[in-house]
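Here's the letter readout for the chains.
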Amino acid sequence: MKQQFLNAKSWEERYRLIIQLGKNLTQPDEQTLAQMQLITGCEAKVWFKINEKNDRTFDFDAFSEARIINGLLWILLQKINGKTAEQLKSFDLTAYFSELGIAQRLSSTRLNGLKQIENLLHRLK
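Under the annotation held in an unreviewed UniProt entry, the protein chain carries the name Fe-S metabolism associated domain protein and is attributed to Pasteurella dagmatis ATCC 43325.

In structure tokens form, the structure reads like this:
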């Protein structure tokens, strides 16, 4: 995935790629959404759920009502799913998105909601 972003010649290409990747997230039903945490600070509604597995790693579910945010969430989930709390404590969202060449063009309100998720990851035990 990193290579796809690095190969994109313009921000518009990266933006389209983010939206395409967001289509990998399926919209949860109302019952599932009700079991997820609503994340504040984002332009659009964002839901997030932490699932601790028996091997002390975590998997996460996320969804947003905005297509671009869904793409960013999908990218984030690819990086954080299957990690331990210790690994997640050192995760730096801005550095990761910078590495992909997308952080520079994201509005602070888009990043705020994702930074709230990063804060949740840093508090896992």
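A.B. asks: Would you mind showing me how to read the environment of Ser107 here?
C.D. replies: Summarising the element assignment, Ser107 is placed in the loop between helix H6 (93–99) and helix H7 (108–122). We classify Ser107 as partly exposed; its relative accessible area is 26%. With 65 residues separating them in the primary sequence, Ser107 and Cys42 have C-alpha atoms 9.9 Å apart.

A.B. asks: Looking at this structure, I do not really get the nonpolar core. What am I missing?
C.D. replies: Buried together is how nonpolar side chains tend to be arranged in soluble globular proteins. Ranked by size, the top nonpolar core spans 41 residues in total, and within it Phe48, Ile75 and Phe97 carry the most contacts. Looking at this core, the elements with two or more residues in it are helix H2 (11–22), strand S2 (46–52), strand S3 (57–64), helix H4 (67–80), helix H5 (85–89), H6 and H7. Here this core takes nine residues from H4, the largest share from any one element. Beyond its immediate sequence surroundings of up to four residues, Phe48 is in contact with Met36, Gln37, Ile39, Phe60, Asp61, Ala62, Leu77, Ile80, Ile117, Leu120 and Leu121.

A.B. asks: Looking at this model, I keep getting lost on unusual backbone geometry. Mind explaining?
C.D. replies: Excluding glycine, most residues fall at negative phi; most peptide bonds, likewise, are trans. Despite not being glycine, Arg56 shows a phi value in the positive range, around 70°. Structurally, the position occupied by Arg56 is in the loop between S2 and S3.

A.B. asks: Help me understand the pattern of salt bridges in this model?
C.D. replies: In a structure, side chains of opposite charge can pair up when their charged atoms sit close to one another. Tallied over the entire structure, the rule returns three salt bridges. In this structure, the salt-bridge partner of Lys115 is Glu118, at a minimum N-O distance of 2.7 Å. Of the two residues, Lys115 and Glu118 both sit in helix H7, three residues apart, roughly one turn of that helix. On the accessibility criterion, Glu118 (6% relative accessible area) is buried.

A.B. asks: Just checking my understanding: could you explain H4 for this structure?
C.D. replies: Its 14 residues give H4 an end-to-end C-alpha distance of 20 Å, which sits within 8% of 20 Å, the value for a rise of 1.5 Å per residue. Judged by how many residues are buried, H4 sits mostly within the fold: eleven of 14 residues are covered. Ile68, Ile69, Asn70, Gly71, Leu72, Leu73, Trp74, Ile75, Leu76, Leu77 and Ile80 are the residues of H4 that are buried. Immediately downstream of H4, the backbone of Gly82 shows phi near 85°, a positive value.

A.B. asks: Looking at this model, I keep getting lost on the packing of H4 against H7. Mind explaining?
C.D. replies: When two helices pack together, their arrangement is given by the angle between the helix axes and by the axis-to-axis distance. Interhelical geometry of H4 versus H7 gives an angle of 25° and a closest axis separation of 11 Å. On the basis of the axis angle, H4 is roughly parallel to H7. The handedness of the crossing between H4 and H7 is right-handed. Here Ile68, Ile69, Leu72, Leu73, Leu76 and Ile80 of H4 come into contact with H7, specifically with Arg110, Leu114, Ile117 and Leu121. Taken together, the residues that form the contact of H4 with H7 break down as nine nonpolar, no polar and one charged.

Criteria and thresholds
Residues numbered from 1 in each chain as written. Predicted model: local features only at pLDDT ≥ 70, side-chain atom pairs only at ≥ 80, totals over all residues. Heavy atoms only, no water. Helix = DSSP H or I, 4+ residues; strand = E, 2+ residues; numbered from the N terminus. Buried < 20%, exposed > 50% of the residue type's maximum accessible area, 1.4 Å probe, protein only. Core = buried A, V, L, I, M, F, W, Y, C linked by side-chain atoms within 4.5 Å. Contact = heavy atoms within 4.5 Å. Salt bridge = Lys/Arg side-chain N within 4 Å of Asp/Glu carboxyl O. Expected span 1.5 Å × (residues − 1). Axes fitted to C-alpha atoms, helices over the stretch in contact; angles between N-to-C directions. Parallel < 35°, antiparallel > 145°, perpendicular 65-115°, else oblique. Left-handed = near helix turned anticlockwise from the far one by under 90°. Nonpolar A, V, L, I, M, F, W, Y, C, P; charged D, E, K, R; others polar.

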